[in-house]
Amino acid sequence: MLDDTWATKPATEQAQAIRDRDISSRELLELQTKLARTLADVPLLVDGLEALGDADELLEAATLAHKRLQDPERATKLYTQVLAEAKAERGSPRAAVRLTQAIEGLVRVRIDAG
């Protein structure tokens, strides 16, 4: 992984640093997501978090889709995905927290929809 100082370099240097490395698609996706976060590019950030696909990232993507992108359909889809994964992980304390967060998110989307 590139060190944290790369985010402070100009975009051309960042792009060259990425091209110079033999990196996996996962690592490239993580870098893209980190750059989107740094640039406050919310649509790209949501895309990256969704593509990374970890439950915590999906929860963040769902929250951003709902609150910042005003996209309740996408938020619902993401919360539902987290809900299904959490239900499959029964017995895990972290899964219980994610289950609760996904349900709360779905309820917020419904309430905001009226």
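Please read all numbers here as calculations on a predicted model, not as lab measurements.

A.B. asks: Hey, could you run me through the overall build of the protein in this one?
C.D. replies: Each helix and strand in the protein was counted, giving six helices and zero strands. Reading the helices (α) and strands (β) of the protein from amino to carboxyl end gives α-α-α-α-α-α. Across the 114 residues that make up the protein, the buried fraction comes to 33%. Counting contacts in the protein only where the partners sit at least 6 residues apart, residues at least 24 apart contribute 40% of the total. In the form shown here, the protein has an accessible surface area of approximately 6,900 Å², with 55% of it arising from carbon and sulfur atoms.

A.B. asks: Even after reading the chapter, I still don't get the packing of helix H3 (residues 42-52) against helix H4 (residues 55-67), so can you show me in this structure?
C.D. replies: When two helices pack together, their arrangement is given by the angle between the helix axes and the distance between those axes. Look at H3 against H4: their axes get within 8 Å of each other, and the N-to-C directions meet at 150 degrees. As summarised for this structure, H3 and H4 are arranged roughly antiparallel, according to the angle between their axes. Crossing geometry of H3 relative to H4 is assigned as left-handed. On the side of H3, the interface is formed by Val42, Leu45, Val46, Leu49, Glu50 and Leu52, while H4 contributes Glu57, Leu58, Glu60, Ala61, Leu64 and Ala65.

Conventions we followed
- Residues numbered from 1 in each chain as written.
- Predicted model: local features only at pLDDT ≥ 70, side-chain atom pairs only at ≥ 80, totals over all residues.
- Heavy atoms only, no water.
- Helix = DSSP H or I, 4+ residues; strand = E, 2+ residues; numbered from the N terminus.
- Buried < 20%, exposed > 50% of the residue type's maximum accessible area, 1.4 Å probe, protein only.
- Contact = heavy atoms within 4.5 Å.
- Areas by Shrake-Rupley, 256 points an atom, 1.4 Å probe, with all protein chains shown as cover.
- Axes fitted to C-alpha atoms, helices over the stretch in contact; angles between N-to-C directions.
- Parallel < 35°, antiparallel > 145°, perpendicular 65-115°, else oblique.
- Left-handed = near helix turned anticlockwise from the far one by under 90°.

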